[in-house]
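Structure assessment
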Amino acid sequence: MEETMLQSTNGCLQHNGSVDQPSSSSTVNGSAIGNDEDQEQSNGCNIKGRSSQEIVRLIGQHLKLIGLNQTAEVLMQESGCRLEHPAATQFRHHVMDGEWHKVSADLNELQTLVGNSCQYFLDMKFLIFEQKYLEYLEDGKVLDALHVLRNELTPLQHNIDKVHMLSSYMMCSGRDELMKRANWEGKGIKSRTLLMDMIQQFLPPHIMLPPKRLHMLLTQAVELQRNQCLFHNTMFDDSIENVSLLTDHKCSLEQIPCETVQILTEHCDEVWFCRFSPDGKKLATGSRDATIIIYDVDPETLTVEQSITLDGHSYGVSYLSWSPDGELLMACGPQDCPDLWVWNVNTGVLRLKLSHSSDDSLTACSWHKDGQKFVCGGIRGQFYQCDLEGSVLDSWEGVRVNGLWCRSDGKTVLAADTRQRIRSYNFDELSDQNLIQEDRDHPIMSFTVNKTDRLALLNVVSQGVHLWDLQDKCLVRKFQGVTQDHFTVHSCFGGVNQDFIASGSEDNKVYLWHIKHELPITTLTGHTRAVTCVSWNPVYHQMLASVSDDCTVRIWGPAAKYRKQKVNKSDINNDSGSPSKHL
């Protein structure tokens, strides 16, 4: 009676929750449930309701997973539910015991139960024969392994390339070489458990539950809550071992950079730009006072300490770009500056001063990912690609540049120009194309690109901060709140997964947004004049820097209870005190 009802289900109902379902069954929460299956599952079960029955089965599976086998058996007996079909249980035991002559018969029985419409039995047979073949090789039973290869794997006519690879393992000198070449755990419980996990994904859930199903559902729930949290800014572990399942995930605003940790007053004029190094261990600031200051970052206390000062930039420093390895720092000046500087930040030695023409305006720059070439340009029509010796390798005529970014493909350069657009340029192929077109009445003052190389963040005059999708060439979001009419303001991506956006503003504030929301999640106050640039530490994600025309640099961190303290209360100074203050 039981077998008859199972045979009446229409084919293979699920492959890891993602396979197209037969039309005769309905889909609930990603799993196909037919009327016959409902009847089969409820038959003899003391638990009413399909959801409750499934929960009992999930609990039972998890109890077995953590070794509470007797408890699981008691649960199944008391509830009257069945964890899996008896044929599946028998199949599992034979696989784990390595009784391969019985496994094939079990698989045929399972195929009869679910019907011939399931297309995955070929995959399951291949996986079983592969395990059998590798175990024979490990045991030195070369003739038995050859028999499996010729008479079981090859006749399947499935995954031919893998069969050819398996045949090459015949030449392995021993067990260690076999395990290394096959990337295999070796004969035993580990590899057989992995085999069962793969096979379980192919069988419908009323026959055998997907592996670790309860753990997977809980992980998905935690991840969903994390993705919906506006203030989440810590590394997310795929496991659920380090989170509580007893309460919903919820972060506090105080866990993101929201308080001034340190105020730096080493510059004696307006500070125009700041940028953390790629490894997060240094901070560079550029100022109207003709200097660059390099600070060392203390990741424990989220503070910085002045390291070296690089001077001689007669026009001031309005833009900085770190080389990919963090050893070199490139500096540009404001509109009238014809010079570009490249410093070695470890030694403080000037590596290169590029002055191609006194009529040039070199105000933007960016490194290619190999660190051997860079691009630079300005609004007077200069657009150069250069090497580390300062030689101009290529140039693009007539492009008035006010922002540059080298993409991760190593050959494409994005340039914002005076026509309120961002175009893509390929110097190797001498090709270009339009990617972004903003309103012609509102110039693009600056832009940056996130680490996926897909999203671009633009600061647009009188419009604020715009998020664009470079692949789809569409405007994703306009972030509200920023005031930007007269000065160049630089924004940035930030946070563990770059889920946050930060920008300075002419109203003396720093604005923070979650990337999915237009309204700011908080505004940071403390500067007394326009905030022209912000930089979020790319490694120590609780650390944010901002610079202002008030001649100061501020380091922002989480609330005091979420960070380590560097100084005693007696050392705390107010905003009008010493050049470097820890708050």
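Calculation notes
- Residues numbered from 1 in each chain as written.
- Predicted model: local features only at pLDDT ≥ 70, side-chain atom pairs only at ≥ 80, totals over all residues.
- Heavy atoms only, no water.
- UniProt positions renumbered as here; feature names shortened; annotations may be inferred.
- Helix = DSSP H or I, 4+ residues; strand = E, 2+ residues; numbered from the N terminus.
- Phe/Tyr/Trp six-rings, centres within 6.5 Å; stacked < 30°, edge-to-face > 60°.
- Buried < 20%, exposed > 50% of the residue type's maximum accessible area, 1.4 Å probe, protein only.
- Pairing = 2+ DSSP bridges.

1. Some remarks on the UniProt feature "repeat: WD" (unreviewed entry) in the chain
According to UniProt, the positions carrying the feature "repeat: WD" (unreviewed entry) are residues 264–305, 310–341 and 524–556. Taken end to end, residues 310–341 is 0% helix and 41% strand, and its two terminal C-alpha atoms sit 10 Å from one another.

2. A few points about the packing of aromatic side chains
In this structure the tally under the stated criterion is 11 aromatic pairs. Residues F383 and Y425 carry aromatic rings whose centres are separated by 5.2 Å and whose planes lie at 85 degrees to one another, so their mutual orientation is edge-to-face. Note that F383 is positioned in strand β14 (residues 383–387) and Y425 in strand β18 (residues 421–426), a separation of 42 residues in sequence. Each of the two residues, F383 as well as Y425, counts as buried. Centroid distance W396 to F427: 5.5 Å. Interplanar angle 80 degrees. Geometry classified as edge-to-face. With W396 in the loop between β15 (392–395) and β16 (401–406) and F427 in the loop between β18 and β19 (431–437), this pair connects stretches of sequence that are 31 residues apart. There is no split in this pair, since W396 and F427 are both buried.

3. Here we look at the pairing of strand β21 (residues 455–460)
Of all 6 residues that make up β21, 6 are buried, and the element is covered over most of its length. Burial along β21 is two-sided: L455, L457 and N459 facing one way and A456, L458 and V460 facing the other are all buried. With 5 bridges connecting them, strand β20 (residues 444–449) and β21 associate as antiparallel partners. By the bridge assignment for β21, I444 is matched with V460. Hairpin connection between β20 and β21: a loop of 5 residues separates the two successive antiparallel strands, and D453 in this loop has a positive phi of roughly 70 degrees. Looking at chain direction, β21 and strand β22 (residues 464–469) are connected through 6 bridges and run antiparallel. Each residue of the ladder has a partner; that of A456, found in β22, is W468. Linking β21 to β22, which pair antiparallel, is a turn of 3 residues; within it S462 sits at a positive phi near 65 degrees.

4. Section: unusual backbone geometry
With phi around 50 degrees, K212 is a residue other than glycine that occupies positive phi space. Here K212 is to be found in the loop between α11 (189–200) and α12 (213–227). K212 gets classed as partly exposed once you look at its relative accessible area, which sits at 46%. Backbone geometry at A290 places phi at a positive 75 degrees, although glycine is not the residue there. Inspection of the secondary structure puts A290 in the loop between β5 (282–287) and β6 (291–298).

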